[in-house]
Amino acid sequence: MSNSMMNLVFLAISILMLSFSHAARFSNLLDASMDGDVGMLTRDNREFDLSGDSSASDSSDEDSSALVEVGSESDGDVNQADPDDRDFCYSKEYRKRTLKTMWEMPFIGLFSDLRNQTKFEASGATIAKGYAWVIFDSLRTVGRISLDFNFRSEDNILVPEKDEEEEESQFEGIEYSPETDTFLIVTEVYIADGDRLQSRTEEVKMADDYSSFEVIRECLIDFTFEHENKGFEGIYYFKRDNHRYFMGLCESNYCKTSSGEDAPGREKGHGRLVLAKMVEIEGGDCNWQVEKIIHIPTDAYFTDYSEIAFHGLMGPTVAVTSQEDAAVWVGKFDWENLEFEEGGTVFHFPRNDHCEMIYCNVEGIHFLDEQRLFVTTDKSKSKQPHHCMHKDQMAMVMALGSSY
């Protein structure tokens, strides 16, 4: 028999054996389906529902209403994916409630002139006058970034304080005041009036050519903290009835200390927003007097809180981020009663292939529009896992998940 003939025979036998194999598999599947066992595929020790039976893969409307938002408190009766578990990335909640990265770049790649700086510990962000503005708690410098987000653009500049040496700023939040064409920057907690741990705002004015900024006023915030490292992390500024108002987002729960195993500041889901009104004091000084402590809904079931942003000027849509949970809660705010509405949705920042948090240091956020967010990250800490380094000291644009 010739070689070509032998090859044809072997080919025919192979095809016949393959056909028998597929027929046997189909027969097994058919038998399993008649026995009610079909529908689960196991991959990497995880089961995925292939049955197409909504009763097997989806909860009923009644059951769905009982599900608590991912990131918020469970009543213990709901079989819900744990965001700290690797299986969380295989859950439907992760697909529906994960932000989509649209663009990102390290700060060191944005500015054409780095001004001899290589460390950019971003701590707050806002959008005003056609630019994104970023502050850094490691620098007394404000970053101006074009909304085109181009690499080493001449429009992206670092604006230093006028006639001052560069030093640690402890800047934590920034907002624009349109009626005065100034920026309000809130600083870290410091000791004031003897032993009180308080914070203050610095009102700064940019030079016409943006070559520098100058502090024109400082105002103490009449609110006492328990720990020097747990103060305001985010701010919002607005003017109403001819009064200037400040909202300060406390970093820890209850605005209390997070030190210690049973510290109240680590009791998740008890975020607080401090509302204060500016009061003029004789002699030209000023003070922010607290008007109200606003409770953030427990739907934002976070370990800490790093930034707050509203969509539009005093708009109803609000976002609150958590650095430790790598998540953002999006909900509604009632401006008439100055309080949050219950409900809202928690979205998670994307994770790596091992379902590990990589956006570990989110500290700045601002709405670009209803669906997209401008986000900034701080420098990763030495105690954090090494994979947190990949997304630190960056600016990025994120889109909200499909469930929004």
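The structure this text deals with has already been given above.
Residues numbered from 1 in each chain as written. Predicted model: local features only at pLDDT ≥ 70, side-chain atom pairs only at ≥ 80, totals over all residues. Heavy atoms only, no water.

Topic: the side chain of Glu307
Here is step 1 of the chain: With respect to the helices, strands and loops of the structure, Glu307 is situated in strand 17 (residues 307–310).
Here is step 2 of the chain: No salt bridge is formed by the buried Glu307, whose closest oppositely charged neighbour, Lys381, lies at an N-O distance of 15 Å. (Helix = DSSP H or I, 4+ residues; strand = E, 2+ residues; numbered from the N terminus. Buried < 20%, exposed > 50% of the residue type's maximum accessible area, 1.4 Å probe, protein only. Lys, Arg positive; Asp, Glu negative; His and termini not counted. Salt bridge = Lys/Arg side-chain N within 4 Å of Asp/Glu carboxyl O.)

Let's talk about the nonpolar core
Here is step 1 of the chain: Met247, Phe333 and Phe340 are the most contacted members of the largest nonpolar core, which has 23 residues in total.
Here is step 2 of the chain: Mapped by element, the contributors of at least two residues to this core are strand 13 (232–240), strand 14 (243–250), strand 15 (272–281), strand 17, strand 18 (317–322) and strand 19 (327–334).
Here is step 3 of the chain: Leave out the neighbours within four places in its chain, and Phe340 touches Leu273, Ile294, His295, Ile296, Pro297, Ile308, Val318, Trp329, Lys332 and Phe333.
Here is step 4 of the chain: Ranked by size, the runner-up nonpolar core spans 19 residues in total, among them Val186, Leu197, Phe223 and Met278. (Core = buried A, V, L, I, M, F, W, Y, C linked by side-chain atoms within 4.5 Å. Contact = heavy atoms within 4.5 Å.)

A word on the pattern of salt bridges
Side-chain pairs of opposite charge can arise whenever the charged atoms involved come near each other.
Here is step 1 of the chain: For the coordinates displayed, the defined rule picks out 15 salt bridges.
Here is step 2 of the chain: One salt bridge connects Asp181 with Lys129, and the closest N-O pair in it is separated by 3.1 Å. Linking Asp181 in the loop between strand 8 (171–177) and strand 9 (182–187) with Lys129 in the loop between strand 4 (122–128) and strand 5 (131–136), this pair joins segments that are 52 residues apart in sequence.
Here is step 3 of the chain: The residue Asp369 makes a salt bridge to Arg372 at a minimum N-O spacing of 2.4 Å.

Concerning the sheet that holds strand 7 (residues 157–160)
Here is step 1 of the chain: Here 4 strands make up an open sheet; going across it, the order is 4-5-6-7 and the pairing antiparallel. Taken across any chain shown, the strands that pair with only one partner, and hence form the sheet edges, are strand 4 and strand 7. In this sheet, adjacent strand axes meet at a mean angle of 25° when their direction is disregarded. (Pairing = 2+ DSSP bridges. Axes fitted to C-alpha atoms, helices over the stretch in contact; angles between N-to-C directions.)

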